[in-house]
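Remarks on the overall topology
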Amino acid sequence: MQLNFMTFNLRVHVLEDGDNAWPNRINEVAEAIKQAQADIVCTQEGLPSMLQDLQALLPEYQSIGASRSSGTPDECCARMCTWAKFSSLEGKEWIVYNTHLDHVSEEARQNGIQLILSKMNPSKSLIPSMLTGDFNCEPSSKVIELIHEAGLISAFSFLEEPLSRTYHGFQGGDTGSPIDYIYMSEDARISSSTIDRSLYNGRYPSDHYPITTTVILD
């Protein structure tokens, strides 16, 4: 079975963004998701009202998860991880974890990823697992080192182009390092990965590029 996974920081609605504020790019975000033919879209910074806007344009999708202010299954916190177990009609199962790590504190990022990895426990998981999100750190960071030590495989290993930045501040370009990632457990076979730097209707859909990975679940 083949699935397309996308991670996409939508950029929260901020009036000061002016022409790039959320109401002006809803259609472009929806179009990027359609173009990717994404089966599962993991978003960051998506307020409930923003996801409702997308739902109206993408009726074939359903959203799951909660906002930071509404609490989590374990406890309420400023940063969170959403996870869900999926199953296909053919009986294939997989788990997706999506997070947005702290943008200020390296210690908070390390503590956050360690908590997520302990929950995932990829070495003992009986079904494929995926970890996606905006990690707010570059590939040389301790956070990424911890993910690799846990045995997860980077989708960027299958990127058919030089690795470059994923956050661009609505400026575009490809100079720099990524901070958005998709990782897979070893029992999920990655066939390709793409960083979408396209303009839609002459504008970037977000200040982050969406990343899509195609995975084969045997």
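1. Things to note about the overall build of the protein chain
In terms of helices and strands, the protein chain carries 4 helices and 9 strands. Starting at the N terminus, the α and β elements of the protein chain follow one another as β-α-β-α-β-β-α-β-α-β-β-β-β. Taking 218 residues into account, the globule formula puts the C-alpha radius of gyration at 17 Å, and the protein chain, at 16 Å, falls close to it. Principal-axis analysis of the C-alpha atoms places the extent of the protein chain at approximately 45 × 40 × 40 Å. Classification of the 218 residues of the protein chain by burial places 47% in the buried group. Across the protein chain, every contact between residues at least 6 apart in sequence was considered, and the portion connecting residues at least 24 apart equals 70%. As displayed, the protein chain offers around 10900 Å² of accessible surface, 48% of which is attributable to carbon and sulfur atoms. Where the 15 positive side-chain charges of the protein chain centre and where its 29 negative ones centre are 2 Å apart.

2. Comments concerning unusual backbone geometry
One non-glycine residue, Q37, lies in the positive phi region at around 50 degrees. Relative to the assigned elements, Q37 resides in the loop between α1 (26-36) and β2 (40-44). Look at N201: it is not a glycine, yet its phi comes out positive at around 55 degrees. Here N201 lies in the loop between β8 (189-195) and β9 (211-216).

3. Here's the deal with the pattern of salt bridges
Enumeration over the complete set of coordinates arrives at 7 salt bridges. One salt bridge in this structure joins R109 and E106, with 3.1 Å as the shortest N-O distance. Of this pair, R109 and E106 both sit in helix α3 (residues 106-120), separated by 3 residues, roughly a single helical turn. Judged by relative accessible area, E106 falls into the partly exposed class, the value being 28%.

4. Here's the deal with the confidence of the model for the protein chain
The pLDDT averaged across the protein chain works out to 93; a share of 94% of its residues lies at or above 70. Of all secondary-structure elements in the protein chain, the lowest mean pLDDT belongs to strand β3 (residues 81-87), at 94, while α1 reaches the highest, 98.

5. Some details on the packing of α3 against helix α4 (residues 142-149)
Each pair of packed helices can be summarised by the angle the axes make with each other and by the distance between the axes. The contact between α3 and α4 brings their axes to 9 Å, and the two run at 15 degrees. By the angle between their axes, α3 is roughly parallel relative to α4. Every pair of crossing elements has a handedness; the one defined by α3 and α4 is right-handed. In this structure, α3 contributes E106, R109, Q110, I113, Q114 and L117 to the contact, and α4 contributes K142, V143, L146 and I147. When grouped by side-chain class, the residues that make up the contact of α3 with α4 number 5 nonpolar, 2 polar and 3 charged.

Criteria and thresholds
- Residues numbered from 1 in each chain as written.
- Predicted model: local features only at pLDDT ≥ 70, side-chain atom pairs only at ≥ 80, totals over all residues.
- Heavy atoms only, no water.
- Helix = DSSP H or I, 4+ residues; strand = E, 2+ residues; numbered from the N terminus.
- Rg over C-alpha atoms; globule rule 2.2 N^0.38 Å.
- Buried < 20%, exposed > 50% of the residue type's maximum accessible area, 1.4 Å probe, protein only.
- Contact = heavy atoms within 4.5 Å.
- Areas by Shrake-Rupley, 256 points an atom, 1.4 Å probe, with all protein chains shown as cover.
- Lys, Arg positive; Asp, Glu negative; His and termini not counted.
- Charge placed at Lys NZ, Arg CZ, Asp CG, Glu CD.
- Salt bridge = Lys/Arg side-chain N within 4 Å of Asp/Glu carboxyl O.
- pLDDT = per-residue confidence, 0-100.
- Axes fitted to C-alpha atoms, helices over the stretch in contact; angles between N-to-C directions.
- Parallel < 35°, antiparallel > 145°, perpendicular 65-115°, else oblique.
- Left-handed = near helix turned anticlockwise from the far one by under 90°.
- Nonpolar A, V, L, I, M, F, W, Y, C, P; charged D, E, K, R; others polar.

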